[in-house]
Structures are given as structure tokens and as C-alpha cells.
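Notes for the structure review
The lines below spell out each chain.
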Amino acid sequence: MRPVLEIFASDDFALWPVGEHESYGHLVLDGRLTPAEVGTAVMRIAACNDFEPDQEHGPCPTDPVGAFLHGLLTMPDLFAAGGFRVTDTATGTVYVEPGCCNGLETWRDWRKVLEGGCSFGHDPSSAAECVGDTVRLTLDTEAEDGSPVTELPADHVRALVAGAEADLRDFLGLAGTWAEQHLPTHADAVTAALARALDLELTE
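Attention in this report is confined to the structure presented alongside it. (Residues numbered from 1 in each chain as written. Predicted model: local features only at pLDDT ≥ 70, side-chain atom pairs only at ≥ 80, totals over all residues. Heavy atoms only, no water.)

**Concerning the pattern of salt bridges**
Scanning the entire structure with this criterion turns up 13 salt bridges. Here E6 ties to R44 by a salt bridge, and the two come within 3.4 Å at their closest N and O atoms. On the criterion of sequence distance, the pair formed by E6 in strand 1 (residues 2-7) and R44 in helix 1 (residues 35-48) is long-range, its members being 38 residues apart. A salt bridge links R169 to E201, with the nearest nitrogen and oxygen atoms 3.2 Å apart. (Salt bridge = Lys/Arg side-chain N within 4 Å of Asp/Glu carboxyl O. Helix = DSSP H or I, 4+ residues; strand = E, 2+ residues; numbered from the N terminus.)

Okay, here's the thing in C-alpha cells:
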């Protein structure tokens, strides 16, 4: 189980260094990313929230970096396209893939799985259902020709969720250091916004 961010190609982006990625791919967020990959992740999360805020959030800055970050730094509810992806490392089979209308900011929904069940967006319509002490994972509940399904002990799923949360926290620490180097005038605000977008608490 790994936290992944949906990525678009960034050929024309020049506000800070980013990596090369194809559109509609996924970038795993953890503490092992390169600086360029962190830059890509920050760019993508900022782009997810690049909406015109209400007047109460103040006028949009005129400088390119401030303007691009304005939504991320001022919107009350932030979105990060992606989620927790579950893959069988032995076979490469994906059992849960983040779908549309789903984001990393809702990763705590995995805890609801252990209380009954939860879905993770659509296209595909991945879902997890708790049956007794077992969690059943289905890649696409709406697939007409069947879908990969696996079952895991609930305790194992708890451990997987804890590991994925740790990956997110490691990424946030890495991103904070990256922001100090690449966005020094916005570093604290960007780090705090990323924490909100990932539903994490900042630590000292």
C-alpha cells in the first residue's frame, strides 16, 4: 500500500525544477524522492488547487510564483489527486487504484474500511469491504467482465495503512526541506498547506 499522486506532464513548467513524467501516471510519495520529484509533487498539488479563491482570501499576487501558489495557500479545503494504491508485489496485480473524485486528503477513509467498508472514487470503482476479520479488496466493482479481488487479514490492512501514512509523513518532511531551498519566501506557508492537503499534522 503506497500513497500515490496523479501526475500530468510538465513540459512548460518553469517556476522551479521538476521531473519528467507522462500524463495520467502516478508518483509514489515517500521520503526517497529526488528534489525534482518533490518539485513535481508540489507543482501538481498546487495545480490541483489553482482555482480563483473567494474575495475573502485576498487578491491574487502579481508575481508568477505567488500567483501559482495562491489557491494552495488560501483555499480552505485542499485537494490532492490520488490516494492509496494497493498492489500485490509478487504478481504486480493492482487491487485498489485511486479513481476520479478521490484524493489523498481522504486517506483516513481507509480506517472506515475496518468499520465496514469504503469506496475510492470511480474509473475504476475500487472498494474495500470488511467481513469479520478479513478485508476484501476489489479493483473495480462495476467491471462487467469481472475484476481482481483479494482478501487480507484486517490486522494486516491496519499495518499497511500505518506504513502508507508513514510514507506521507516522510514526504512532508522532505517537501518542507525542499521548500526552504526552492521557495524560501513561501516555505512555511507551502509546508503548512501541503500538510492540510494531505490531512497531516505538522510536527516541530
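Still more ground to cover, so stick around.
**Details of the pairing of strand 3 (residues 82-87)**
With 4 bridges joining them, strand 1 and strand 3 adopt antiparallel strand pairing. The partner of R2 across the bridge, within strand 3, is R85. Sheet topology note: the strand 3/strand 4 (residues 94-96) ladder contains 2 bridges and is antiparallel. Pairing of T87 across the sheet is with V94, part of strand 4. Between strand 3 and strand 4, which follow one another and run antiparallel, lie 6 residues, and G92 among them has a positive phi close to 80 degrees. (Pairing = 2+ DSSP bridges.)

**Focus: the nonpolar core**
If you look at soluble globular proteins, the nonpolar side chains tend to sit buried side by side. Formed by 55 residues in total, the largest nonpolar core has its most connected members in W16, L29, L69, F84, W110 and L137. The element contributing the most residues to this core is helix 4 (residues 154-182), with 10 residues. Setting aside chain neighbours within four positions, we find L137 in contact with V86, Y95, V96, W110, A127, A128, P148, V149, T150 and L152. (Core = buried A, V, L, I, M, F, W, Y, C linked by side-chain atoms within 4.5 Å. Buried < 20%, exposed > 50% of the residue type's maximum accessible area, 1.4 Å probe, protein only. Contact = heavy atoms within 4.5 Å.)

**Things to note about the pairing of strand 1**
Here strand 1 pairs with strand 2 (residues 25-28) via 4 bridges, running antiparallel. Bridge pairing in strand 2 links L5 to L27.

**Looking at the environment of H26**
Of note, H26 is situated in strand 2. Note on H26: relative accessible area 31%, which makes it partly exposed. Separated by 113 residues in the primary sequence, H26 and L139 have C-alpha atoms spaced 16 Å apart. Setting aside residues no more than four positions away along its own chain, H26 makes contact with V4, L5, E6, I7, R85 and E97.

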